[in-house]
Amino acid sequence: MPSSEILVLGGGTNGLSAAFRLAKAGHRVTVLEAEATVGGAARGWDFAPGFRTPGLAHVLHLMDPRVIKGMGLKLDLTPLPSIALAASGDHLTFGGTFGSTLTGVSDAESKAWADLRAKLLRFAGVLAPMKQMAPPRLASGAGNETLKLLKLALKMRLLGADDFRELLRVLLINIWDALEDELTDPRLKGLVAFDTTLGTWLGPRSPNSLILLLNRLAGEVDGNQAALALPKGGMEAVAQAMTTAAGAAGVIIRAGAKVARILIENDRAVGVLLDTGEELRASQVVSALNPKTTLLSLVGPRLLDNGLVTRLRHQKSRGAAAKLHLALTGLPDFRGADLKARLVIAPSSNAVESAFNPVKYGEVPSAPVMEILLLSLHDPALAPPGHHVLSAIVQYAPHAPKAGEDAARAQMLEACLTQLETFAPGIRAQVAHAELLMPYDIEARFGMQGGNWHHGELSVEQMLFLRPLAELAQYRTPIDGLWLAGAGSHPGGGISGAAGWNAAEALLKAGKA
Amino acid sequence: MSMDNLHYLTPLKQTPFHPRVAAANVLNNWGPWAGCTSALTLADEAMEYTAIRNAASVYDLCPMVKYRVQGADAADYLNRLTVRNAGKLPVGSVHYTVWTDDHGQLVDDGTLFRLGPTDYRICCQERHLPWLLDSAYGFDVIIAEETDEIAALSLQGPCSAQVLKASGFDISSLKPFRMATFPFEGGSLMISRTGFTGDLGYELWTDPARALPLWDRLFTEGKPWGIKAIGSTALNLARLEAGFIITNMDFIPAPQAVREDRTRSPLEMGLGWLIDWDKGSFTGRRALKAELDGKTARWTFVGLDIPGNISAEGSLIYAGQKDEAGFITAAAWSPTLKCNIALAHVEKIYLHRDLWVEIYALRELQYVKLMLRATVADRPFFMPARRRATPPGNF
């Protein structure tokens, strides 16, 4: 029977980053991945004969620099400008990093945007270091990273009194109000509202939505804050690079190993039982799986306190982002828009809010909003010659549709194609095959509870020291030797590896103590 | 409007025994208990207390909250919920137990009845349905509140066994904390040898339709033994002598506590003996283990013997007449023991110093401050041999 010092459950980006960090510190680490290939949301698949999507996620914007540097990842990154599509063809180009260049708007709007953008980036920059640390606890002897916290406080203080007051004002307001206050162009407001709410269960007018934009802007690619990039080979190339680095560090990766239960003896995790009946023993178990799955299913409620179980059951994890893959027989025409850019259909902030309204009632929106990438233009190998792959994240899709799963999926696909046809006339005729993953499909395939891409909604009441729950926020669980390392923990999802890295650091720190 | 919607007109519910209790309640002295009308003193507090200790007393127990736990996982469920081992409780038996939250702080105490291999009843002071239902996640159990479906009486006192025998229920072989079922008026009556007085006594459980016939049978057959209806005031005195605690009088249940330092762990309430550390996981176990291992318990719960005869109810306790060391939650002059007794929370660090109780004695509209040296006394203050004797004594 093979034995390992540390078992990492889940071979997604967080599992891989945690495994690498622990192996580097000298531990023998085995990663257990249920699927045939590792990568999690960064694993690719053929969605139609000859057509491939290189991942559920398709844009890189949050990759943790510690992970890139630590794992020595060489990613060939193409910066992605965004285009806010207009049905009229009067597009707005949102170039550079987060619209550092803006074309297609008035001078006054450009100036207003530059001011708002600078402010948002400044605030996000102050908060960014939070991502790379375990969330603090309000308790004596909590083992907080005091120095980092002091630096953070100093950085906030150095904003100056006016800016600091402004940060506190905007921190918990909604993005819709902020955009109304500062901007006039509906395309620009629509784009920013879309970026803010991407992957969440919030509309632009929902309370606390602005902080999610700050969270997004706190990310960086290649040292560029708030940048968006497409890695060569897509997300699966990121997963591949991480797998290679982990392997080189001595991590053993076992694909097709589905964990049925975490073995616990005397209140301590001692290994796992695979669904094949095979038992693997270890001194520590690090779960990069969903926190609800880990604790409610693999540990089970009987070994946990009732309050914790109840709070975990009630932790919100509704997904509203669907993933659309189209196999196209030719290049579509989005009324002249640069097809190598990230194309966003979100004509106004109201359009985003209107697309959110129906999902509250388990219904499908008639005019969904989406971000579109024509991936085959960047990587021709994804489609047969002359053909193309369109990859889109579409919002908002109900995770528990009233109409039933199949009917809602068909309805949503129809709504997507209708919306696409409005912005790219003739595209419907080019569709050879369509795959739409609704939140419940994503849950089934990727283990994301409720189909939420963050493995638990990223919202202010479930962020930082409240993620996934206050008592689980330092990556520890009540079971000795069992750690949480997935996107369900701080700082949340996105192809990032940050939660896994933080968890590994917490485990190593505890080992030293 | 249907009558169902008019409940607000009578915010307190009347129990199935209300017609009889009301007739006996010549002082018309009522108080609320768990949403029901409950008698405080019916006619004469001293005579009611005397019935408990010297004859037979009847107390309307209907407002006590009752939950039924049934299903294949009932024992496992209760082992996860409560600190004691419910699996070891034999069918037909009762035990006293407590349960805590994740932090090991008391939620409530109560008695657990094992009615069948997969069938239990919890009797307690406060309502906990959400907590009980949440705790059922992952267990094959059905939880139901059945407070209103059961009419319960407490028959306590040295003559209680004789009253039952005269009423046609042979409980001579019934041991303490055991129960037995008897046919009664076309239905059934369950009798458990349990109670809240520390004396020989029984609790009687039937359906509400048989409540008044039961009352009438007891009072008719029990007349030679001076059977008497009692109110909460007399019972409270008896329970204090027995050293029993009451939720929300001697400790604040954790879900209701507003102030962080008001909650108590079982270890701090002298209830550590209930905890089965070997039965496996239960809610609060990790916190309680940490408290035990780290010796972090701040409080201890003790009985006090205080000079004089002025009740020290609500008094503060001082170490060396100066440092505030604790407070009293229940106190009275005990007519049976001829002692001034009290139940008190004392901070552990002061336990072995000289403890003084500050009493404000009201003497003709004027408070007089007394500072009296108290001594820690063993609980229960009063535990007569007749409480446990089987067969029960023939008084």
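What you are looking at is a predicted structure, and each value in this text was computed from that prediction instead of being measured.

Engineer: Any chance you could explain the overall build of chain B here in plain terms?
Structural biologist: Along chain B, the regular secondary structure elements total eight helices and 19 strands. In terms of overall dimensions, chain B is globule-like: its C-alpha atoms have a radius of gyration of 21 Å, near the 21 Å expected for 395 residues. Here chain B, with 395 residues, has 47% of them falling under the buried criterion. In chain B, of all internal contacts separated by at least 6 residues, the share reaching a separation of at least 24 is 68%.

Engineer: Teacher, can you tell me more about the interface of chain A and chain B here?
Structural biologist: By convention, interface size is frequently given as the accessible area that disappears when the constituent parts associate. Taken together, the 12 residues of chain A in the interface contact 12 residues of chain B. The residue makeup of the side of chain A that touches chain B, split by class, is five nonpolar, four polar and three charged.

Engineer: Where do I start with the sheet that holds strand β3 (residues 57-60) of chain B in this structure?
Structural biologist: As a general point, the strands of a sheet are linked pairwise by backbone hydrogen bonds and lie either parallel or antiparallel. Residues and elements named next belong to chain B. Spatially, the six strands line up as an open sheet ordered β10-β11-β12-β9-β3-β13, and their pairing is mixed. Each having just a single partner strand, β10 (179-184) and β13 (228-229) make up the two edges of the open sheet. Bridge count for strand β9 (residues 151-156) against strand β12 (residues 201-206) is six bridges, and the pairing is antiparallel. Its bridge partner being in β12, Gln156 is matched across the sheet by Gly201.

Engineer: Just to check I follow, could you spell out the packing of helix α6 (residues 175-182) of chain A against helix α7 (residues 186-197) of chain A for this structure?
Structural biologist: How two helices pack is summed up by the angle between their axes together with the distance between the axes. All names here are of chain A. With their axes 10 Å apart at the nearest point, α6 and α7 run at an angle of 155° to one another. Comparing their axes, α7 and α6 come out roughly antiparallel. At the point where α6 passes α7, the crossing takes the right-handed sense. Where α6 abuts α7, its residues Ile175, Trp176 and Leu179 lie against Lys189, Val192, Ala193 and Thr196. A breakdown of the residues in the contact of α6 with α7 according to their chemical character gives five nonpolar, one polar and one charged.

Engineer: I would appreciate a short explanation of the domain arrangement of chain B in the present structure.
Structural biologist: Along its sequence, chain B is carved into domain 1 (12-62 + 150-230) and domain 2 (298-381). In this structure, domain 1 of chain B and domain 2 of chain B have C-alpha centres spaced 33 Å apart.

Engineer: Just checking my understanding: could you explain the sheet that holds strand β22 (residues 482-484) of chain A for this structure?
Structural biologist: Residue and element names in this part refer to chain A. With parallel pairing, the five strands of this open sheet are ordered in space as β12-β2-β1-β16-β22. At either end of the open sheet lies a strand with only one pairing partner, and these are β12 (252-255) and β22. Neighbour to neighbour, the strand axes of the sheet diverge by 20° on average, direction disregarded. In this sheet, β12 lies alongside strand β2 (residues 29-33) in parallel orientation, the contact comprising four bridges. Directly across from Leu32, in β12, lies its bridge partner Arg254.

Engineer: Please clarify how the domain arrangement of chain A should be interpreted in this entry.
Structural biologist: Residue and element names in this part refer to chain A. Domain boundaries in chain A define domain 1 (6-43 + 65-75 + 235-315 + 454-512) and domain 2 (108-219). Using only C-alpha atoms to locate each centre, domain 1 and domain 2 end up separated by 28 Å. On the side of domain 2, 18 residues touch domain 1, which itself brings 17 residues to the contact. Top element by residues in the side of domain 1 that touches domain 2 is helix α17 (residues 498-512). It accounts for three residues. For the side of domain 1 that touches domain 2, the class distribution of residues is nine nonpolar, six polar and two charged.

Quick notes on the rules
- Residues numbered from 1 in each chain as written.
- Chains lettered and ligands numbered in written order.
- Predicted model: local features only at pLDDT ≥ 70, side-chain atom pairs only at ≥ 80, totals over all residues.
- Helix = DSSP H or I, 4+ residues; strand = E, 2+ residues; numbered from the N terminus.
- Rg over C-alpha atoms; globule rule 2.2 N^0.38 Å.
- Buried ≥ 20, exposed ≤ 12 C-beta atoms within 10 Å, placed from the backbone.
- Contact = placed C-beta atoms within 7 Å.
- Nonpolar A, V, L, I, M, F, W, Y, C, P; charged D, E, K, R; others polar.
- Pairing = 2+ DSSP bridges.
- Axes fitted to C-alpha atoms, helices over the stretch in contact; angles between N-to-C directions.
- Parallel < 35°, antiparallel > 145°, perpendicular 65-115°, else oblique.
- Left-handed = near helix turned anticlockwise from the far one by under 90°.
- Domains from an automatic or database assignment.

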